[in-house]
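So the chains spell out like this:
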Amino acid sequence: EAGVAQSPRYKIIEKRQSVAFWCNPISGHATLYWYQQILGQGPKLLIQFQNNGVVDDSQLPKDRFSAERLKGVDSTLKIQPAKLEDSAVYLCASSWEFMNTGELFFGEGSRLTVL
Amino acid sequence: GESVGLHLPTLSVQEGDNSIINCAYSNSASDYFIWYKQESGKGPQFIIDIRSNMDKRQGQRVTVLLNKTVKHLSLQIAATQPGDSAVYFCAEISYSGNTGKLIFGQGTTLQVKP
């Protein structure tokens, strides 16, 4: 079974530029998550989708971050404009359905460096 | 703020010894806890979970203990191997209405000495 795919693996941009990350979850997984992991910290949930609807985006900085999951499959996370503090690994994860299990399947992440 | 946290940022053990990684939580209503392992350059990987109606659960070489009285859980790894070197996170499901989200703690780095 193929895992969660993310791209790009690495991205370096200057502050105030924009960046987009893409995620392809495991086939059939209804729930998709984007987490931000700053170096030395645990992952922090940014947004959670159930199919193509947003379940939780309470910690998403909506003035600069946006995410969508068109057709309930792939998802993109965009940052515009980027700030220095956005430097982090952006992890995408998916699961069959959230409420019955805490087992999320994570991709390898997209590492963002903002200069 | 965080509702789960780990006691030690780093734990160093000898290969073959048992490892114990501790975690405390603050919300007495929390009822579902999960341990994840994250190797360098990779995403977190599910290890084992436990619900509040249990105080112990075993997997392959791993055991999770839950003490609800003192709001503490631990991950025990038997016969620690070099491949166990990673950052370990305890996490809990935080419910709001009919939705829940997975909240991670800070992580403990396990170093296995040959």
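Residues numbered from 1 in each chain as written. Chains lettered and ligands numbered in written order. Predicted model: local features only at pLDDT ≥ 70, side-chain atom pairs only at ≥ 80, totals over all residues. Heavy atoms only, no water.

**Let's talk about the packing of aromatic side chains**
- Taken as a whole, this structure holds 11 aromatic pairs over all chains when the rule is applied.
- Their ring planes at 55° and their centres at 5.6 Å tell us that Tyr35(A) and Phe106(A) sit as a pair that is tilted. On the criterion of sequence distance, the pair formed by Tyr35(A) in strand β4 (residues 31–37) and Phe106(A) in strand β10 (residues 105–106) is long-range, its members being 71 residues apart. In this pair, the class of Tyr35(A) matches that of Phe106(A), namely buried.
- Note on Phe89(B) and Phe104(B): the rings are 5.9 Å apart at their centroids and 90° apart in plane angle, and the pair reads as edge-to-face. Here Phe89(B) is found in strand β9 (residues 86–96), whereas its partner Phe104(B) is found in strand β10 (residues 99–104), with 15 residues between them in sequence. As far as the burial class goes, Phe89(B) and Phe104(B) line up, both buried.
- Among the aromatic residues, those joined into a cluster by ring pairs are Tyr33(A), Tyr35(A), Phe106(A), Tyr36(B), Phe46(B), Phe89(B) and Phe104(B).
- In this structure, Arg51(B) packs its charged tip against the face of Tyr32(B), placed 3.8 Å from the ring centre. (Phe/Tyr/Trp six-rings, centres within 6.5 Å; stacked < 30°, edge-to-face > 60°. Helix = DSSP H or I, 4+ residues; strand = E, 2+ residues; numbered from the N terminus. Buried < 20%, exposed > 50% of the residue type's maximum accessible area, 1.4 Å probe, protein only. Lys NZ or Arg CZ within 6 Å of the ring centre and 35° of its normal.)

**Overview of the sheet that holds strand β1 (residues 5–7) of chain A**
Residue and element names in this part refer to chain A.
- One open sheet accounts for 4 strands, arranged β1-β3-β8-β7; its pairing is antiparallel. Each edge of the open sheet carries a strand with a single partner, namely β1 and β7 (65–68). Geometrically, the sheet is characterised by an average inter-axis angle of 15° between neighbouring strands, direction not taken into account.
- Bridge count between β7 and strand β8 (residues 75–79): 4 bridges; the pairing is antiparallel. The residue bridging Ser66 from the neighbouring strand is Lys78, located in β8. (Pairing = 2+ DSSP bridges. Axes fitted to C-alpha atoms, helices over the stretch in contact; angles between N-to-C directions.)

**Considering the state of the cysteines**
- Under the definition given, this model contains 2 disulfides over all chains.
- For Cys23(A), the disulfide goes to Cys92(A), at an S-S distance of 1.9 Å. Looking down the S-S bond of the Cys23(A) and Cys92(A) bridge, the torsion is -70°, so its handedness is left-handed. Of the two residues, Cys23(A) is situated in strand β3 (residues 19–24) and Cys92(A) in strand β9 (residues 88–95); the sequence distance between them amounts to 69 residues. As far as the burial class goes, Cys23(A) and Cys92(A) line up, both buried.
- Two residues, Cys23(B) and Cys90(B), share a disulfide whose sulfurs are 1.8 Å apart. Judged by the sign of its S-S torsion, about 55°, the cystine formed by Cys23(B) and Cys90(B) is right-handed. Note that Cys23(B) is positioned in strand β3 (residues 19–25) and Cys90(B) in strand β9, a separation of 67 residues in sequence. (Disulfide = S-S within 2.5 Å.)

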